[in-house]
Amino acid sequence: MSTASFQRARTDAQRDQRRRDVLDAARGMLDQMPLAEISLRELSRRVGLAKSNVVRYFPSREAVFLAVLAEDWDSWLDQLRDQLAAAPPPGTVRPGPVPHERHQELAAAIAGTLAGQRRMCELISAAQTILEHNIPASTAREFKMAAHARTRRLAGLVQSAVPGLTGARAFEFAGLTWALIAGAWPIANPSPVVAQVLAEPGLRDLCVEFGPALTSVLTVVLDGMTITADSGGHTSR
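Note that the coordinates shown come from a computational prediction; the quantities given were computed from them, not determined experimentally.

Enquirer: Can you tell me about the side chain of D223, naming the residues and giving the values?
Expert: Mapped onto the elements of the fold, D223 is located in helix α10 (residues 210-230). Look at D223: it is buried, it has no salt bridge, and the nearest opposite charge is R102 at 9.8 Å. A polar contact of 2.7 Å, which involves the side chain of D223, links it to the side chain of H100. Aside from chain neighbours lying at most four places away, what touches D223 is H100 and H103.

Here's what the structure looks like:
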């Protein structure tokens, strides 16, 4: 974390540095403890500022972590983009891979990169229930606009990997990915006491492994969307 040498931020560059210091401190705390244990007071102390100074940059604790989430989201999308770019285009390794295989490969890339983004997945799972509360409308609007832009970016990556998917379907899939992370991550990462109970005989089949589970569900979603598109929007019964 950067330690600013100035007492009061007077320039745009200094204010940007203050904001960066707060976000860096928040990331460091998230890597050490659960979100629920982090208070704005303790975060301010870690940065070396009074709480009243921190709220000049972020109106609440929740606003800080929404900003962290938006930046982590960008980092993940960069990683996914690079991984997809390194993979051969569909059909170049083996002639005409079937759509299911292509969907499975994309789903595995998404789930595999997400599995390494613990902080981001934890923040996504807390977004609707915790982080989107105790924030002003301006912060909510800023975050939702950021979320929309990043969902569109994921949709673009998905559509490039699955050319038969329409833009609308790719955006829908990207939105569903967010919802599936929010649901699967806390189930795959239960509290210590629940993890202990799930380790008992007879309950182990309730354990969920995040990467494989997300891969399976995303593959099924892509298969279903492709079938619907191929049938002109109408599935046969």
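What follows picks up the thread again.
Enquirer: Summarise unusual backbone geometry; cite the residues concerned and give the values.
Expert: Phi at N134 takes a positive value of approximately 60°, unusual for a residue other than glycine. By secondary structure assignment, the location of N134 is in the loop between α6 (118-131) and α7 (137-161).

Enquirer: So what about the packing of helix α4 (residues 61-86) against α6? Which residues, and what values?
Expert: Where α4 meets α6, the axes come as close as 10 Å, and the angle between the chain directions of the two elements is 140°. Looking at the two axes, α4 sits oblique to α6. Note that α4 runs across α6; the crossing there is left-handed. Seen from α4, the contacting residues are R61, E62, F65, L66, V68, L69, D72, W73 and W76; seen from α6, they are R119, M120, L123, I124, A127, I130 and L131.

Enquirer: Can you explain the packing of aromatic side chains? Please cite residues and give values.
Expert: A full pass over the atoms with the stated rule returns 3 aromatic pairs. When the ring of F143 is compared with that of W178, the centres are 6.5 Å apart and the planes differ by 55°; the resulting orientation is tilted. Note that F143 is positioned in helix α7 and W178 in helix α8 (residues 167-188), a separation of 35 residues in sequence. Taken as a pair, F143 and W178 share a single burial class, namely buried. A network of ring pairs unites the aromatic residues W73, F143 and W178 as a single cluster. If you follow R152 out to its NZ or CZ, it ends over the ring of F171, 4.4 Å from the centre.

Cut-off values and rules
Residues numbered from 1 in each chain as written. Predicted model: local features only at pLDDT ≥ 70, side-chain atom pairs only at ≥ 80, totals over all residues. Heavy atoms only, no water. Helix = DSSP H or I, 4+ residues; strand = E, 2+ residues; numbered from the N terminus. Buried < 20%, exposed > 50% of the residue type's maximum accessible area, 1.4 Å probe, protein only. Lys, Arg positive; Asp, Glu negative; His and termini not counted. Salt bridge = Lys/Arg side-chain N within 4 Å of Asp/Glu carboxyl O. Polar contact = N/O pair within 3.5 Å; in protein donor to acceptor, adjacent residues only side chain to side chain. Contact = heavy atoms within 4.5 Å. Axes fitted to C-alpha atoms, helices over the stretch in contact; angles between N-to-C directions. Parallel < 35°, antiparallel > 145°, perpendicular 65-115°, else oblique. Left-handed = near helix turned anticlockwise from the far one by under 90°. Phe/Tyr/Trp six-rings, centres within 6.5 Å; stacked < 30°, edge-to-face > 60°. Lys NZ or Arg CZ within 6 Å of the ring centre and 35° of its normal.

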